[in-house]
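Listed below, chain by chain, are the residues.
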Amino acid sequence: MRTISSRQNPLVHQFRDAATGRTAGTSLVLLDGPHLVATALDAALPMPVAAVMDAELDDPEFADLVARLEACGADVAVVTSNLMAAMSPVRTPSGIIALAECRLADATSLLAAPSALVLVAADVQDPGNLGALVRAAEAASATGVIASGLSADPLSWKAMRGSMGSALRLPVASALDTRDLVTAAQAAGLQTIAAVPRDGAAPDAIDWRRPTMLLIGGEGPGLPLGVIDAAGLCVTVPMAAPVESLNVSVAGALLLYAARQQRVSVR
C-alpha cells in the first residue's frame, strides 16, 4: 500500500471525476463502503484502484478487504479522513472506496432470455429510486432491468448505493426510447405490461408466467400515454382511498413480487 496526503494527487482527481459521472471513455464505476467493495470482489470484477482511511486499517473487516483488493491486483492507497472526504461523494464517508469495471448489459440480449422477466424503469430520474428498483428486481428473480428515456444512470454511485450492489450482479441495460423498446419486446415474443395508477388489471389477474416486460414510469408523470397504448396490457396496484399513488420503487417491488409468486409456484 502507498500513502497519499495531497489533494492534488491524480488518484484524488480520478475519484472525484468518477463521483460526478462515470469516467468518460471507461467502464469504471465508483463504489463507496465495505458492502459494495466486498460485493464487487465476490463478483470478481476488475478493481484497479481503491483507497482506505488510515483510521480503519485496524478494523478486521477493512483489513480483510484491503488484503483481498491487493490480492486481485488493485492499487490501494491509504488516506486521511480529510482526504477521504474529498474523494468520497457521500456526506459521511464510509472509510473505503474503489473503482470497479462494470459494463451495462445489452438490452436486446435481455429480451431474448428464456422465461424473461424484464423490468423497464422509464424516466425514473431519482438514482436512489432506480437503485431500489434494481434491488427489488434481483430479489424477485427478475432476469434484468432496463433504464430507459430520461432515467438516471443505473451505474452511478447513488444508484449503486440504492441497489445495495444488485447492479453488480443483475444484468442492467439502458435504452433511449421506451416506445421502441416495447416494439422490440413484442417482436421477441414478450408480453408488455404497463404499470398505471388506476383502471389496470389487478396484479394477480396477470399471467406472469409468460415471458414478460413490465414497464413502470418515473416519479410524478408515470408512463407516457403512447407507451401505455403500445404496451396494451395494464396493471394497477390496489390502493385504499384516499391514496392515489405509491413511490415508484414500492410499486415496482409489489408488482415484481406478484410475478415471483406465480413463477415460483409453478416450479
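See the structure printed just above.
To keep things clear, this report deals only with the structure shown in the data block.

Conventions and cut-offs
Residues numbered from 1 in each chain as written. Predicted model: local features only at pLDDT ≥ 70, side-chain atom pairs only at ≥ 80, totals over all residues. Heavy atoms only, no water. Helix = DSSP H or I, 4+ residues; strand = E, 2+ residues; numbered from the N terminus. Rg over C-alpha atoms; globule rule 2.2 N^0.38 Å. Buried < 20%, exposed > 50% of the residue type's maximum accessible area, 1.4 Å probe, protein only. Contact = heavy atoms within 4.5 Å. Disulfide = S-S within 2.5 Å. Axes fitted to C-alpha atoms, helices over the stretch in contact; angles between N-to-C directions. Left-handed = near helix turned anticlockwise from the far one by under 90°. Nonpolar A, V, L, I, M, F, W, Y, C, P; charged D, E, K, R; others polar. Pairing = 2+ DSSP bridges. Polar contact = N/O pair within 3.5 Å; in protein donor to acceptor, adjacent residues only side chain to side chain. Salt bridge = Lys/Arg side-chain N within 4 Å of Asp/Glu carboxyl O. Core = buried A, V, L, I, M, F, W, Y, C linked by side-chain atoms within 4.5 Å.

1. Structural notes on the overall build of the protein chain
Reasoning step 1: Each helix and strand counted, the protein chain has 10 helices and 11 strands in total.
Reasoning step 2: For 267 residues, the compact-globule estimate of 2.2 N^0.38 gives 18 Å, and the protein chain sits close to it at 20 Å.
Reasoning step 3: Oriented by its inertia axes, the alpha-carbon framework of the protein chain measures out at about 60 × 40 × 35 Å.
Reasoning step 4: Out of the 267 residues belonging to the protein chain, those deemed buried represent 51%.
Reasoning step 5: Relative to all contacts within the protein chain whose residues are 6 or more apart in sequence, the contacts with residues 24 or more apart total 80%.

2. What to know about the state of the cysteines
Reasoning step 1: Enumeration over the complete set of coordinates arrives at zero disulfides.
Reasoning step 2: The thiol of Cys72 is unpaired, and the distance to the nearest cysteine sulfur, on Cys102, comes to 15 Å.
Reasoning step 3: Overall, Cys72 belongs to the partly exposed group, its relative accessible area being 42%.

3. A closer look at the packing of helix H2 (residues 34-42) against helix H3 (residues 60-71)
Reasoning step 1: Following both chains from N to C, one finds H2 and H3 inclined at 35°, their axes separated by 11 Å at the closest point. For the pair H2 and H3, the sense of crossing is left-handed. Residue-level inspection shows Pro34, Val37, Ala38, Leu41 and Asp42 of H2 in contact with H3, the latter providing Glu61, Phe62, Leu65, Arg68 and Leu69.
Reasoning step 2: Along the lines of polarity and charge, the residues of the contact of H2 with H3 split into seven nonpolar, no polar and three charged.

4. Side note on the environment of Asp64
Reasoning step 1: Here Asp64 lies in helix H3.
Reasoning step 2: The spatial distance from the C-alpha of Asp64 to the C-alpha of Ala38 is 9.6 Å, given a sequence separation of 26 residues.

5. Topic: the environment of Leu11
Reasoning step 1: One can find Leu11 in helix H1 (residues 10-19).
Reasoning step 2: Residue classification places Leu11 among the buried positions, given a relative accessible area of 4%.
Reasoning step 3: Ignoring sequence-local partners within four residues, the contact set of Leu11 consists of Arg2, Ile4, Val49, Ala50, Ala77 and Met87.

6. Some thoughts on the sheet that holds strand S9 (residues 191-195)
Reasoning step 1: With respect to topology, six strands assemble into an open sheet ordered S8-S7-S6-S10-S9-S11, the strand pairing being parallel. Taken across any chain shown, the strands that pair with only one partner, and hence form the sheet edges, are strand S8 (172-175) and strand S11 (233-235). The sheet shows a mean angle of 25° between the axes of neighbouring strands, taken without regard to direction.
Reasoning step 2: Of the pairings in the sheet, the one linking strand S6 (residues 117-122) to strand S10 (residues 212-217) comprises six bridges and is parallel in character.

7. Here's the deal with the side chain of Ser88
Reasoning step 1: In this fold, Ser88 is placed in the loop between helix H4 (81-87) and strand S5 (96-101).
Reasoning step 2: Residue class for Ser88 comes out buried when judged on its relative accessible area of 6%.
Reasoning step 3: A polar atom in the side chain of Ser88 sits 2.4 Å from the side chain of Asp32.
Reasoning step 4: Side-chain polar atoms of Ser88 contact the backbone nitrogen of Val90, separated by 3.3 Å.
Reasoning step 5: In this structure Ser88 touches Asp32, Pro93 and Ile97, once residues within four positions along its chain are discounted.

8. Re the pattern of salt bridges
Reasoning step 1: Per the counting criterion, the structure on display carries five salt bridges.
Reasoning step 2: Put simply, Glu138 and Arg169 hold a salt bridge, and the shortest N to O gap is 2.8 Å. With Glu138 in helix H6 (residues 127-139) and Arg169 in the loop between helix H7 (157-163) and S8, the pair connects residues that are 31 residues apart, well separated along the chain.
Reasoning step 3: Residue class for Glu138 comes out partly exposed when judged on its relative accessible area of 25%.
Reasoning step 4: Between Arg209 and Asp207 there is a salt bridge, with the nearest N and O atoms lying 3.0 Å from each other.
Reasoning step 5: By relative accessible area, which is 31% here, Asp207 ends up partly exposed.

9. Thoughts on the sheet that holds strand S2 (residues 28-32)
Reasoning step 1: Here five strands make up an open sheet; going across it, the order is S1-S4-S3-S5-S2 and the pairing mixed. Strand pairing shows two members of the sheet lacking a second neighbour, strand S1 (2-3) and S2, which therefore form its edges.

10. Focus on the nonpolar core
Reasoning step 1: Counting 57 residues, the largest nonpolar core has Leu31, Val37, Met47, Leu69 and Leu256 as the members making the most contacts within it.
Reasoning step 2: Ranked by residue count, the leading element in this core is helix H10 (residues 248-265), at seven residues.
Reasoning step 3: Beyond its immediate sequence surroundings of up to four residues, Leu256 is in contact with Leu117, Leu119, Leu133, Ala136, Ala137, Ala140, Ala142 and Leu214.
Reasoning step 4: By size, the runner-up hydrophobic cluster in this structure holds 22 residues, among which are Val182, Val196, Leu215 and Val227.

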